[in-house]
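Read off the chains here:
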Amino acid sequence: MARIYGIIPARWGSTRFPGKPLHLLAGKPLIQHVWERCGEASRLARILIATDDLRIAETARAFGAQVELTASEHPSGTDRLAEVAERFPDATHILNVQGDEPTVPGVLLDALCAALTSDGAPEMVTAATPLQDVAEAANPHCVKVVLAANGDALYFSRSPIPYPGFAGGAQPLPLYRHQGLYGYTRDFLRRFVAWPQGVLERTERLEQLRALENGARIRVVITGHESLGVDTPADLAPAEAALLARALNHFPTPLLTPS
């Protein structure tokens, strides 16, 4: 029987926003909002916060989270996840919930869990949302994904994809913004972190390309809800507004469509 662990990697030393996990949003640390969103999912057997920083660990324990301390030299949150997963042999699948996604809905986390454990599922899943602002496709901080007919990812890029130049009078292809949520089988996560970075991953600086370069399939769950990530201090105001709207029961319900 599947046992899915939700693990939230968190570190202090973000180059663009040091101390980000403990920054207050709507009266709570950012990391607490992410932990609470995970608690709204029904398919997670356990929720853990993985960090190498005692300040984050102490704060998280104070609001009731289970914390796993990790090594400090991990190059990515995925490596941090893999260290923690080895401590819990009963975990069959791992959901990687970014520690800077305070508005991620529990229903989307459940949809990722369902996709990960469905019959014929690939060993890795992620999420994307339709890109409404076509001009945003040119933004390199907005990662785009192109899908195969079966809903698997063909490619991720910071460049605008698919290229629209030769569509003529045909209906333009839909654009999808990638959301940085990942699910893995336990065995796949172990293999993933053992693979060296490939040229595509180094060029685009997108870790998920390592899976594609090694022939893995990534199923993409399409959601109508765009989670507001906090990458820099400039992202705080819209994220806090969304959280306050949620508290007033004005938070939009995400619409999930089959991938």
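Residues numbered from 1 in each chain as written. Predicted model: local features only at pLDDT ≥ 70, side-chain atom pairs only at ≥ 80, totals over all residues. Heavy atoms only, no water.

### Side note on the overall build of the chain
The helix and strand tally for the chain stands at eight helices and twelve strands. Relative to the globule expectation of 18 Å for 259 residues, the C-alpha radius of gyration of the chain, 18 Å, shows essentially globular dimensions. Its C-alpha atoms give the chain principal-axis dimensions of roughly 60 × 40 × 35 Å. Put simply, the chain has 259 residues, and 49% of those count as buried. In the chain, the proportion of contacts linking residues at least 24 apart, taken out of those at least 6 apart, comes to 68%. Here the chain displays about 12,200 Å² of accessible surface, and carbon together with sulfur accounts for 55% of that area. If you average the places of the 24 positive and of the 28 negative side-chain charges in the chain, the two averages end up 1 Å apart. (Helix = DSSP H or I, 4+ residues; strand = E, 2+ residues; numbered from the N terminus. Rg over C-alpha atoms; globule rule 2.2 N^0.38 Å. Buried < 20%, exposed > 50% of the residue type's maximum accessible area, 1.4 Å probe, protein only. Contact = heavy atoms within 4.5 Å. Areas by Shrake-Rupley, 256 points an atom, 1.4 Å probe, with all protein chains shown as cover. Lys, Arg positive; Asp, Glu negative; His and termini not counted. Charge placed at Lys NZ, Arg CZ, Asp CG, Glu CD.)

### Details of the side chain of Lys-20
Position of Lys-20 among the secondary structure elements: in the loop between strand 1 (4-10) and strand 2 (24-25). Accessibility expressed as a relative area gives 10% for Lys-20, which makes it buried. Contact partners of Lys-20, with chain neighbours within four places excluded, come to Ser-14, Leu-30, Asp-100, Val-230 and Asp-231.

### Looking at the confidence of the model for the chain
On average, residues of the chain score 89 in pLDDT, and 92% of them are at 70 or above. Across residues 250-259 the pLDDT falls below 50, and counting only partners more than four positions away or on other chains, this stretch makes 25 contacts in the model. (pLDDT = per-residue confidence, 0-100.)

### What to know about the packing of aromatic side chains
The full count for this structure, using the stated rule, is eight aromatic pairs. A ring pair is formed by Trp-35 and Phe-63, whose centres lie 5.1 Å apart and whose planes are at 50 degrees; its orientation type is tilted. Note that Trp-35 is positioned in helix 1 (residues 30-39) and Phe-63 in the loop between helix 2 (54-62) and strand 5 (66-69), a separation of 28 residues in sequence. Their ring planes at 45 degrees and their centres at 6.0 Å tell us that Phe-188 and Phe-192 sit as a pair that is tilted. One end of the pair is Phe-188 and the other is Phe-192, both in helix 5 (residues 186-194) and four residues apart, which spans about a single turn. The burial state of Phe-188 is the same as that of Phe-192; both residues are buried. Taken together, the ring pairs in this structure connect Tyr-182, Tyr-184, Phe-188, Phe-192 and Trp-195 into an aromatic cluster. We note Arg-55 situated over the ring of Trp-12; from NZ or CZ to the ring centre the distance is 3.6 Å. (Phe/Tyr/Trp six-rings, centres within 6.5 Å; stacked < 30°, edge-to-face > 60°. Lys NZ or Arg CZ within 6 Å of the ring centre and 35° of its normal.)

### Considering the environment of Gln-66
In this fold, Gln-66 is placed in strand 5. In this structure, the C-alpha to C-alpha distance between Gln-66 and Ala-237, residues 171 residues apart in sequence, is 28 Å. Discounting chain neighbours no more than four positions away, the residues touching Gln-66 are Arg-46, Ile-47, Leu-48, Ile-49 and Phe-88.

### A few points about the packing of helix 3 (residues 77-85) against helix 5
Helix-helix packing is described using two parameters, namely the angle between the two axes and the distance between the axes. Two elements in contact, helix 3 and helix 5, have axes whose closest approach is 10 Å; the angle formed by their N-to-C orientations is 130 degrees. Of the possible angle classes, the one that applies to helix 3 and helix 5 is oblique. The two elements helix 3 and helix 5 meet at a crossing, and its hand is left-handed. Judged by residue contacts, Thr-78, Asp-79, Leu-81, Ala-82 and Ala-85 of helix 3 engage Arg-186, Leu-189, Phe-192 and Val-193 from helix 5. For the contact of helix 3 with helix 5, the residue count by class is six nonpolar, one polar and two charged. (Axes fitted to C-alpha atoms, helices over the stretch in contact; angles between N-to-C directions. Parallel < 35°, antiparallel > 145°, perpendicular 65-115°, else oblique. Left-handed = near helix turned anticlockwise from the far one by under 90°. Nonpolar A, V, L, I, M, F, W, Y, C, P; charged D, E, K, R; others polar.)

### Thoughts on the pairing of strand 6 (residues 93-97)
Within strand 6, five of the five residues are buried, which leaves the element mostly enclosed by the surrounding structure. Of the two faces of strand 6, both are covered, the one formed by His-93, Leu-95 and Val-97 as well as the one formed by Ile-94 and Asn-96. Sheet topology places strand 6 next to strand 10 (residues 176-185); five bridges connect them, and they run antiparallel. Its bridge partner being in strand 10, His-93 is matched across the sheet by Thr-185. (Pairing = 2+ DSSP bridges.)

### What to know about the pattern of salt bridges
Throughout the structure, instances matching the rule amount to 17 salt bridges. A salt bridge links Asp-90 to Arg-3; its shortest N-O distance comes to 2.9 Å. Here Asp-90 is found in the loop between helix 3 and strand 6, whereas its partner Arg-3 is found in the segment before strand 1, with 87 residues between them in sequence. Between Glu-68 and Arg-87 there is a salt bridge, with its nearest N and O atoms 2.7 Å apart. Separated by 19 residues along the polypeptide, Glu-68 in strand 5 and Arg-87 in the loop between helix 3 and strand 6 bring together distant segments of the chain. Classification of Glu-68 by relative accessible area gives buried; the value is 15%. According to the relative accessible area criterion, Arg-87 is partly exposed, its value standing at 33%. Three or more residues joined by partner-sharing salt bridges are found here, namely Lys-28, Glu-36, Arg-37 and Glu-40. (Salt bridge = Lys/Arg side-chain N within 4 Å of Asp/Glu carboxyl O.)

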